[in-house]
Amino acid sequence: MERRSYLAAVSAVTAAGFAGCISELGADDDGNGDDGNGDDTGNETDGNGAQDDEHGAVEAVEAYMAAGAEEDLEAMADAMHTHHPFDPAEMAAEAAEDEDTTFEMDPVGDYEVELADEGYETDEIHDLPYAEFWFQDVDLDDVLEGEDAALVTVETETTIAGETVTESETLIALTEDGEWRVFLPYDESTELPDGDPVDDERYRVVSDLEFDADDERVRVNLIDSIDSSIEEIVAYSESQGRGSSVYEPEDSDDDYALPSTWFSSNFDPDGDEIVVTVIADGEELLVHRETYEP
């Protein structure tokens, strides 16, 4: 079964999945090291940590997070740029029609929104590892022309089964008709691991790959029994230059984890290479490499 986690693919209600329970960090939290009267972005705050004059990019991300907290997909879409490559309501509807896919909202605890770079250059968006793929049918130059961009970081604290996990995600906010909107997740390019797959039966996790050129998706089928030492399975696409972690072991303490027998990822039907790795004992090992040629 494929778990359709909107946030895993898009942004920061993203960092730990869809927001089920989100609240803003209050006055007792000094996560950014401010003194209660200001923050390191130069924006003044009141005694409760609220900024008197927030940047528009921060306000857009906060609106997005608040909508996620209310599980309001339409309000989330309102806070997103028109050319954002994903529509949460549409993805939820598609998952509802596909018995092999689930669309779930994971709980997220406290969060804090912070302006990371108010002068982010729009030209740099072209260099994002997935930009060419996501905007192959859109003239990205037209979308970016005359607009301003900024980077906004969202730090979340999530507690599941008594364990608290802190994660950070950076989003690109972009103006549209003068209004700031959540545009894309910010992600640096990742080089595919080099070398040949390890020759160790214990780390054999891939049964086979099925390429669907029409949908531009590759299905990674997993073997029935996966060694208990394997913590994660990651699939990389050379065309996108990034990977996605998809595997949760069956004995995971995470009540929201769905053990997978397969998962899918985007690939370039004009030619691509898929690399699969496993994380075991904190080490990433290359276990499968396969080239797709049209």
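Since the structure is predicted, the reported quantities are computational estimates derived from the model, not experimental observations.

The next thing to look at is the overall build of the protein. Across its full length, the protein carries six helices and 14 strands. Of all 294 residues assigned to the protein, the portion counted as buried reaches 44%. Carbon together with sulfur atoms contributes 36% to the accessible area of the protein, which is approximately 15100 Å² in total.

Moving on, we come to the pattern of salt bridges. Side-chain pairs of opposite charge can arise whenever the charged atoms involved come near each other. What the rule picks out here adds up to three salt bridges. A salt bridge links Arg289 to Glu273, with the nearest nitrogen and oxygen atoms 3.2 Å apart. Residue Arg289 is located in strand E14 (residues 283-292), and its partner Glu273 is located in strand E13 (residues 272-280); the two are separated by 16 residues in the primary sequence. Residue Glu273 is classed as buried on the basis of its relative accessible area, which comes to 14%.

Turning our eyes to something else, we now look at the packing of aromatic side chains. Counting across every chain of the model gives five aromatic pairs. Of the aromatic side chains, those joined through ring pairs into one cluster are Phe211, Phe267 and Tyr292. The ring centre of Trp262 lies 3.9 Å from the NZ or CZ of Arg219, which sits over that ring.

On to helix H4 (residues 88-97), then. Among the residues of H4, Pro88, Met91, Ala92 and Ala95 are the ones counted as buried. Viewed end-on, H4 has its buried residues packed into an arc of 100°, placing them on one side of the element. In H4, the exposed positions that point more than 90 degrees away from the buried face belong to Ala96 and Glu97.

Moving on to unusual backbone geometry. The phi torsion at Asp177 lies on the positive side, around 55°, for a residue other than glycine. For Asp281, which is not glycine, the phi dihedral falls at a positive 55°. Its place among the elements puts Asp281 in the loop between E13 and E14.

A cluster of like negative charges, contributed by Asp117, Glu118, Glu121, Asp123, Glu124, Asp127, Asp139, Asp141, Asp142 and Glu145, occupies part of the molecular surface. Among the secondary structure elements, Glu118 is positioned in the loop between strand E4 (110-117) and helix H5 (131-134). For Glu118, a relative accessible area of 53% gives the class exposed.

Quick look at the side chain of Ser264 now. Mapped onto the elements of the fold, Ser264 is located in strand E12 (residues 262-266). By relative accessible area, which is 15% here, Ser264 ends up buried. At a separation of 2.7 Å, a polar atom in the side chain of Ser264 contacts the side chain of Arg217.

Below, the discussion takes up the environment of Phe183. Position of Phe183 relative to the elements: it lies in strand E7 (residues 179-185). Distance from Phe183 to Pro85, taken between C-alpha atoms, is 8.6 Å for residues 98 residues apart in sequence. Once you skip the residues sitting within four places of it in the chain, Phe183 turns out to touch His81, His83, His84, Pro85, Ile125, Phe135, Leu140, Val143, Leu144, Ile172, Ala173 and Leu174.

Take the pairing of E7 next. Extensive coverage of E7 is indicated by the burial of five of its seven residues. Relative to E7, strand E6 (residues 163-176) is paired through six bridges, and the arrangement is antiparallel. Residue pairing in the sheet places Ala173 in a bridge with Val182 of E7. A loop of two residues connects E6 with E7, the two strands running antiparallel in sequence, and Asp177 in this loop sits at a positive phi of about 55°.

This part takes up the sheet that holds strand E9 (residues 217-222). Strands pair in a sheet through their backbones, by hydrogen bonds, and they do so in one of two ways: parallel or antiparallel. Sheet architecture is open: three strands sit in the order E8-E9-E12, paired in antiparallel fashion. Of all the strands in the sheet, the pair left with one neighbour each is strand E8 (206-212) and E12. Within the sheet, the average angular offset between the axes of one strand and its neighbour, ignoring direction, is 20°. With five bridges joining them, E9 and E12 adopt antiparallel strand pairing. By the bridge assignment for E12, Asn221 is matched with Trp262.

All right, on to the confidence of the model for the protein then. Taken residue by residue, the protein gives an average pLDDT of 75. The fraction at 70 or more is 71%. Every residue in residues 1-52 scores below 50 in pLDDT, and together they form 145 contacts with partners more than four places removed in sequence or on other chains. Confidence drops under pLDDT 50 across residues 254-258; counting only partners more than four residues distant or on other chains, this segment forms 13 contacts.

Looking at the secondary structure, you find Gly119 in the loop between E4 and H5. A relative accessible area of 43% places Gly119 in the partly exposed class. Remark: the alpha-carbon pair of Gly119 and Ala149, spanning 30 residues in sequence, is separated by 6.7 Å.

With that out of the way, let us pick up the environment of Val165. Locating Val165 in the fold gives a position in strand E6. Beyond its immediate chain neighbours, meaning those up to four positions away, Val165 contacts Thr156, Glu157 and Thr158.

Analysis parameters
- Residues numbered from 1 in each chain as written.
- Predicted model: local features only at pLDDT ≥ 70, side-chain atom pairs only at ≥ 80, totals over all residues.
- Heavy atoms only, no water.
- Helix = DSSP H or I, 4+ residues; strand = E, 2+ residues; numbered from the N terminus.
- Buried < 20%, exposed > 50% of the residue type's maximum accessible area, 1.4 Å probe, protein only.
- Areas by Shrake-Rupley, 256 points an atom, 1.4 Å probe, with all protein chains shown as cover.
- Salt bridge = Lys/Arg side-chain N within 4 Å of Asp/Glu carboxyl O.
- Phe/Tyr/Trp six-rings, centres within 6.5 Å; stacked < 30°, edge-to-face > 60°.
- Lys NZ or Arg CZ within 6 Å of the ring centre and 35° of its normal.
- Arc of directions from axis to C-beta.
- Patch = residues over 30% accessible without salt bridge, like charges linked within 9 Å, V, L, I, M, F, W, Y side chains within 5 Å.
- Lys, Arg positive; Asp, Glu negative; His and termini not counted.
- Charge placed at Lys NZ, Arg CZ, Asp CG, Glu CD.
- Polar contact = N/O pair within 3.5 Å; in protein donor to acceptor, adjacent residues only side chain to side chain.
- Contact = heavy atoms within 4.5 Å.
- Pairing = 2+ DSSP bridges.
- Axes fitted to C-alpha atoms, helices over the stretch in contact; angles between N-to-C directions.
- pLDDT = per-residue confidence, 0-100.

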